[in-house]
Number of protein chains: 2
Amino acid sequence: MKLALQLAKEAFDKDEVPVGAVLIRDGTELLAADHNRTAELKNSLAHAEKLVIERALQDGLKYLSDCTLYVTLEPCIMCSGLIILSRIPRIIFGAHDSKAGCVGSIYNALRNKDFNWNPEVCSGLLAEESAALLRDFFKKKR
Amino acid sequence: MKLALQLAKEAFDKDEVPVGAVLIRDGTELLAADHNRTAELKNSLAHAEKLVIERALQDGLKYLSDCTLYVTLEPCIMCSGLIILSRIPRIIFGAHDSKAGCVGSIYNALRNKDFNWNPEVCSGLLAEESAALLRDFFKKKR
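Residues numbered from 1 in each chain as written. Chains lettered and ligands numbered in written order. Predicted model: local features only at pLDDT ≥ 70, side-chain atom pairs only at ≥ 80, totals over all residues. Heavy atoms only, no water.

**Student:** Mind showing me how you'd approach the sheet that holds strand 4 (residues 90–95) of chain B here?
**Tutor:** Sheet strands pair by backbone hydrogen bonding; their relative direction is either parallel or antiparallel. All names here are of chain B. Across the sheet, which stays open at both edges, the five strands sit in the order 2-1-3-4-5 with mixed pairing between neighbours. Looking at the sheet topology across the chains shown, the edges are occupied by strand 2 (29–35) and strand 5 (120–123). When the angles between neighbouring strand axes are averaged without regard to direction, this sheet yields 15 degrees. Pairing of strand 1 (residues 20–25) with strand 2, which is carried by six bridges, proceeds in the antiparallel orientation. (Pairing = 2+ DSSP bridges. Helix = DSSP H or I, 4+ residues; strand = E, 2+ residues; numbered from the N terminus. Axes fitted to C-alpha atoms, helices over the stretch in contact; angles between N-to-C directions.)

Encoded structure:
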């Protein structure tokens, strides 16, 4: 999670929305790590979670069922869907996102039994640092 | 929608989940059209809607705010998120998907006012033909 937060800080310095994500396999192997790149790629879909999940799946894995995803901000609806479809079993995120989050805020999608995949979810890790970065970013933008 | 259904039939013939999607700009211009390619690409994320939305955004568009998305099956949670984030204003889909659909089935995400984008949604167009293809596909798979 410290690496995810460091990536979020790098994003901040590059004028990207400061969110970082890290995908770890079997508790030790770093499979992918990135930050939001919506500005650089001029693509509103380039969320940190999407970049790391798609990179890991490019390596020929069908599912990410032995991975843990660390992300500094509560995943949105698209990223919650990516987590379900790629069958990640464990998600650890930092700050809640009351405006767009779908892992407790707008929806609690990862705990909704109507879906065929319900990962374990842990929230609040380095939440204050993650939220402060986002607050500073949007203050700078105004 | 007839083109989307034709693409779904092509998918069926290629042993792909038979779902087709078409993205039209300004009511006339065909921006992208494709079918599900999860088998060919060995990627569980390769839904028809995702392929057409990402192709259209690759052309340098920031948002798809003058587009209509036609898709033969109710979008899942990931694809509902892609629709919201790419700001497509109009979605027309065929069959409902009680197991994974998030535009009326599990969630009604595109009409949820908590999100900052609520497209117009129309369902049921060529629904019987779209659903029959899927039924035949999963019957064949069993």
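Here the narrative resumes, following the displayed structure.
**Student:** Would you explain the pattern of salt bridges in this entry?
**Tutor:** Any two side chains of opposite charge can pair if their charged atoms end up close together. Scanning the model with the defined rule gives 20 salt bridges over all chains in all. Across the pair A:Asp15 and A:Lys140 runs a salt bridge, and its minimum N-O distance is 3.4 Å. Note that A:Asp15 is positioned in the loop between helix 1 (2–13) and strand 1 (20–25) and A:Lys140 in helix 4 (residues 127–141), a separation of 125 residues in sequence. Given the relative accessible area of 36%, A:Asp15 is considered partly exposed. Residue B:Arg90 pairs with B:Glu120 through a salt bridge whose shortest N-O separation is 3.4 Å. Placement of B:Arg90 in strand 4 and of B:Glu120 in strand 5 is noted, with a sequence separation of 30 residues between them. (Salt bridge = Lys/Arg side-chain N within 4 Å of Asp/Glu carboxyl O. Buried < 20%, exposed > 50% of the residue type's maximum accessible area, 1.4 Å probe, protein only.)

**Student:** Got a minute to help me understand the relation of the copies chain A and chain B in this structure?
**Tutor:** Two chain copies, one operation linking them: a rotation about an axis together with a shift along it. Overlaying chain A with chain B gives an RMSD of 0.0 Å, the required rotation being 180 degrees about an axis along which the chain moves by 0.0 Å. Look at the turn and shift together and you get a two-fold axis relating the two. Within chain A, A:Met78 has its C-alpha nearest the rotation axis, a separation of 2.2 Å. When the interface residues of chain A are mapped onto chain B, 100% of them are again interface residues, pointing to one common binding face. (Least-squares fit on C-alpha atoms with pLDDT ≥ 70 in both. Contact = heavy atoms within 4.5 Å.)

**Student:** I would appreciate a short explanation of the environment of A:Ile92 in the present structure.
**Tutor:** Residue and element names in this part refer to chain A. Among the secondary structure elements, Ile92 is positioned in strand 4 (residues 90–95). Here Ile92 falls in the buried class, since its relative accessible area comes to 12%. In this structure the C-alpha to C-alpha distance between Ile92 and Lys42, which are 50 residues apart in sequence, comes to 27 Å. The residues contacting Ile92, other than those within four sequence positions of it, are Met1, Thr68, Leu69, Tyr70, Val71, Cys122 and Leu125.

**Student:** Please clarify how the environment of A:Leu7 should be interpreted in this entry.
**Tutor:** Residue and element names in this part refer to chain A. By the element assignment, Leu7 lies in helix 1. Take Leu7: its relative accessible area is 9%, and that puts it in the buried class. Placed 85 residues apart in sequence, Leu7 and Ile92 show a C-alpha to C-alpha distance of 15 Å. Setting aside residues up to four positions removed in sequence, Leu7 forms contacts with Gly20, Ala21, Val22, Ala33, Asp34 and His35.

**Student:** I'm lost on the packing of aromatic side chains in this one. Help?
**Tutor:** Two aromatic rings are characterised by how far apart their centres lie and by the angle between their planes. The final tally for this structure, using the stated rule, is seven aromatic pairs over all chains. For the pair B:Phe137 and B:Phe138, a centre-to-centre distance of 5.1 Å together with 85 degrees between the ring planes defines the contact as edge-to-face. By relative accessible area, which is 41% here, B:Phe138 ends up partly exposed. Aromatic ring contacts, followed pair by pair, group A:Tyr107, A:Phe115, B:Tyr107 and B:Phe115 into a single cluster. For A:Arg87, the ring lying beneath its charged end belongs to A:Tyr63, and the centroid distance is 4.2 Å. (Phe/Tyr/Trp six-rings, centres within 6.5 Å; stacked < 30°, edge-to-face > 60°. Lys NZ or Arg CZ within 6 Å of the ring centre and 35° of its normal.)

**Student:** Just to check I follow, could you spell out the sheet that holds strand 1 of chain A for this structure?
**Tutor:** All names here are of chain A. Taken in spatial order, the five strands of this open sheet run 2-1-3-4-5, and their pairing is mixed. At either end of the open sheet lies a strand with only one pairing partner, and these are strand 2 (29–35) and strand 5 (120–123). Averaged over all pairs of adjacent strands, the angle between their axes in this sheet comes to 15 degrees, without regard to strand direction. By the bridge criterion, four bridges tie strand 4 to strand 5 in an arrangement that is parallel. In the strand pairing of strand 5, Phe93 is matched with Ser123. Sheet strands touched by helix 2 (residues 48–58): strand 1, strand 2 and strand 3 (67–73). Its angle to strand 2, the strand with the most contacts, is close to 140 degrees.

**Student:** It is not clear to me how unusual backbone geometry should be interpreted in this structure. Could you clarify?
**Tutor:** With a phi angle near 55 degrees, A:Leu126 is a residue other than glycine that sits in the positive phi range. Classification of A:Leu126 by relative accessible area gives partly exposed; the value is 24%. A positive phi is found at B:Lys42, a non-glycine position, where the angle reads about 45 degrees. Counting through the fold element by element, B:Lys42 comes out in the loop between strand 2 and helix 2 (48–58). B:Lys42 sits in the exposed class, given a relative accessible area of 64%.

**Student:** Quick question: what am I supposed to make of the interface of chain A and chain B here?
**Tutor:** By convention, interface size is frequently given as the accessible area that disappears when the constituent parts associate. On the side of chain B, 31 residues touch chain A, which itself brings 31 residues to the contact. The interface formed by chain A and chain B includes two salt bridges. Inspection of the chain A/chain B interface yields six residue pairs in polar contact (both at pLDDT 80 or more). Considered class by class, the residues forming the side of chain A that touches chain B number 17 nonpolar, eight polar and six charged. (Polar contact = N/O pair within 3.5 Å; in protein donor to acceptor, adjacent residues only side chain to side chain. Nonpolar A, V, L, I, M, F, W, Y, C, P; charged D, E, K, R; others polar.)

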